Amino acid sequence: MKFRRPKLRRLAGPAGRASWGLADQGLSSLSNLAVGVVVARSSTVADFGIYALAFGGYTIALNVSRAVSTEPLAVRHSGDRTPEWQRAVRASTATALLTGLLAMVVGLAIAAFPGVPSKGVLIAFAVTMPGLLLQDAWRWAFFVVGEGNKAFVNDLIWLLAMLAIFGGLYLTGTTSAFSLTFGWGLGAVIAAIAGRFQAGVSPRRQLIREWVQRNWDLSPKYVGEMLAVSGTIQVYMLGITAAAGLVATAGIRGAQVLLGPVNVLNQGIRMISVPEAARALRHSYRRLWLVGLAISFGVGAGALAWGAVFLLLPAVVGRELLGPGVWTQAHSVLIPVILLQALGASNAGAFAIMRALTAATRGLRVRLISSVILITCGIGGAYLWGPKGAAWGLAGASFTTLLLWWNEAHRAIAAHRRTH
């Protein structure tokens, strides 16, 4: 037994960090699931379609923030708490906060345009955007030094604050798409304030310029990647809306809300996958490849398993969660959306490999090619066969992009081996 203990200790670290990542993302996704469910039950199908588009805008801002602030932090400062980590966290969180302020200005400007429907939802997203992005930056800062328990506590604060606000809204009879969305964002603001005290450091705006310059070799390409991801979703959702109506958009988004636990698994693993891949690279290329495969297999299998379970649940569960109107549309596209989510999640291992190798150009190339495929298949399917065609087109495109990711990861390792 004494010869096995070192191996067990080596496994315990990654397993523990992965467990905290899943638990933390579970709370974060539970917050997103809760607001999606209550807004769906409080809105018409068309209004929920507008909410889906607004949530997509938030996702774009979140991904841009990660590209310029927390992704470079994970790639270059994974390890232990050091003075360098503290300085990097001060800079990265300040960068995330600035990104949130810029996103707020953009959101309010869009809401100010005449004829924009559901302005309240857009305003609720916009005014809470700085807190939403700062809270996410604290989570990453904790994970890169293996303190997933602090990220878990921070997301717990968000969830409890949000539930308290929701309770007050229901007791006072003031629930609406605006008030519920604002309550969700306000919970993130409260958690962002708590994150400063958990970390023991504060964002420092004077370090933003230094942070951007130091990571300029990575950040623009990461931004391009993230915009390709989020922008692609927005483009094909808008295209599907134009081709098949808001009912199709609401159906796909409704199915995604029901598959929230898939995002729990996907985002929870992604939160820790880049630091783990960076650690594996210091050991060997073989370990890096095996870590990437394990990540993708675990996320993909878990996503398919959850989707299979949900298909077996009585239809009344879906109607109670989303309301009869949204549920009818979501149920018709549930199988292809399950495949879309599972196949999309399965590129997590290849993504982590290329992040660890700082192969930003390769990652951007895959994202751009994938964007064209997803947009073409999604909108084309909607135009030819309606909502079901859109969902199946996206599922088929997701399988193709998964193959592209792993091919590029293999080539990235080969190139890194030759140059190092």
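The name given to the protein chain in an unreviewed UniProt entry is O-antigen/teichoic acid export membrane protein, and the organism recorded there is Kribbella pratensis.

Things to note about the overall build of the protein chain
Regarding its fold elements, the protein chain presents 17 helices and 0 strands. If you take every contact in the protein chain between residues at least 6 apart in sequence, the share linking residues at least 24 apart comes to 85%. As presented, the protein chain carries roughly 17700 Å² of accessible surface, and 68% of it is formed by carbon and sulfur atoms.

Points about the UniProt feature "transmembrane region" (unreviewed entry) in the protein chain
The UniProt feature table records "transmembrane region" (unreviewed entry) at residues 96-116, 122-145, 152-171, 288-313, 333-354, 366-384 and 390-407. The annotated region residues 152-171 carries 100% helix and 0% strand content, and the separation between its end C-alpha atoms amounts to 28 Å. In this annotation, residues 288-313 is assigned 96% helix and 0% strand; the end-to-end C-alpha distance for the span is 38 Å.

Observations regarding the environment of Arg319
If you trace the backbone, Arg319 turns up in helix α13 (residues 315-322). Note: C-alpha distance between Arg319 and His331 (12 residues apart in sequence) is 9.6 Å. Arg319 has contacts with Arg41, Pro324 and Trp327, leaving out every residue within four places of it along the chain.

Observations concerning a nonpolar patch on the surface
On the surface, Leu108, Ile123, Val127, Phe178 and Phe182 cluster together into a nonpolar patch covering about 360 Å² of accessible area. Structurally, the position occupied by Ile123 is in helix α4 (residues 119-127).

Things to note about the packing of aromatic side chains
For the coordinates displayed, the defined rule picks out 10 aromatic pairs. When the ring of Phe125 is compared with that of Trp184, the centres are 5.6 Å apart and the planes differ by 70°; the resulting orientation is edge-to-face. On the criterion of sequence distance, the pair formed by Phe125 in helix α4 and Trp184 in helix α7 (residues 177-199) is long-range, its members being 59 residues apart. Just as Phe125 is buried, Trp184 falls in that class too. Aromatic side chains Trp158 and Trp184 sit 5.9 Å apart centroid to centroid with 40° between the ring planes, which places their arrangement in the tilted category. You can see Trp158 sitting in helix α6 (residues 148-172) and its partner Trp184 sitting in helix α7, a full 26 residues away along the chain. Side by side, Trp158 and Trp184 carry an identical accessibility label, which is buried. Here the aromatic residues Phe55, Tyr58, Phe125, Trp158 and Trp184 are joined through ring pairs into a cluster of three or more. When the ring centre of Phe197 is taken as origin, the NZ or CZ atom of Arg196, which lies over that ring, is 5.1 Å away. A cation over an aromatic ring shows up here: Arg355 above the ring of Tyr222, its NZ or CZ 3.8 Å from the ring centre.

Let's talk about the side chain of Ser92
Examined against the element boundaries, Ser92 turns out to sit in helix α3 (residues 83-111). Ignoring anything within four residues of it in the chain, the contact list for Ser92 reads Ser69, Leu73 and Trp211.

Digging into the pattern of salt bridges
For the structure on display, the rule yields 12 salt bridges. Among the ionic pairs, Lys150 bridges to Glu147, the shortest N-O distance being 3.6 Å. A relative accessible area of 25% places Lys150 in the partly exposed class. For Glu147, a relative accessible area of 16% corresponds to the buried category. Arg411 is paired through a salt bridge with Glu408; the nearest N and O atoms lie 3.8 Å apart. In this pair, Arg411 and Glu408 both sit in helix α17 (residues 360-419), 3 residues apart, roughly one turn of the helix. In this structure Arg411 comes out as partly exposed when scored by relative accessible area, which is 42%. What you see here is one network of salt bridges that share partners, running through Arg66, Asp136, Arg139 and Asp155.

Focus: the packing of helix α5 (residues 129-143) against α7
As a packed pair, α5 and α7 sit with axes 8 Å apart at the nearest point and diverge in direction by 40°. By the angle between their axes, α5 is oblique relative to α7. Crossing geometry of α5 relative to α7 is assigned as left-handed. In contact with Gly131, Leu132, Leu134, Gln135, Trp138 and Phe142 of α5, α7 contributes Trp184, Gly185, Ala188, Val189, Ala191, Ala192, Gly195, Arg196, Gln198 and Ala199. Tallied by class, residues from the contact of α5 with α7 come to 10 nonpolar, 5 polar and 1 charged.

Thoughts on the confidence of the model for the protein chain
The share of residues in the protein chain with pLDDT of 70 or more is 87%, and the mean pLDDT across the chain is 82. The model gives residues 1-12 a pLDDT under 50, and that stretch makes 1 contact with residues more than four places away or in other chains.

How each quantity is defined
- Residues numbered from 1 in each chain as written.
- Predicted model: local features only at pLDDT ≥ 70, side-chain atom pairs only at ≥ 80, totals over all residues.
- Heavy atoms only, no water.
- Helix = DSSP H or I, 4+ residues; strand = E, 2+ residues; numbered from the N terminus.
- Contact = heavy atoms within 4.5 Å.
- Areas by Shrake-Rupley, 256 points an atom, 1.4 Å probe, with all protein chains shown as cover.
- UniProt positions renumbered as here; feature names shortened; annotations may be inferred.
- Patch = residues over 30% accessible without salt bridge, like charges linked within 9 Å, V, L, I, M, F, W, Y side chains within 5 Å.
- Salt bridge = Lys/Arg side-chain N within 4 Å of Asp/Glu carboxyl O.
- Phe/Tyr/Trp six-rings, centres within 6.5 Å; stacked < 30°, edge-to-face > 60°.
- Buried < 20%, exposed > 50% of the residue type's maximum accessible area, 1.4 Å probe, protein only.
- Lys NZ or Arg CZ within 6 Å of the ring centre and 35° of its normal.
- Axes fitted to C-alpha atoms, helices over the stretch in contact; angles between N-to-C directions.
- Parallel < 35°, antiparallel > 145°, perpendicular 65-115°, else oblique.
- Left-handed = near helix turned anticlockwise from the far one by under 90°.
- Nonpolar A, V, L, I, M, F, W, Y, C, P; charged D, E, K, R; others polar.
- pLDDT = per-residue confidence, 0-100.

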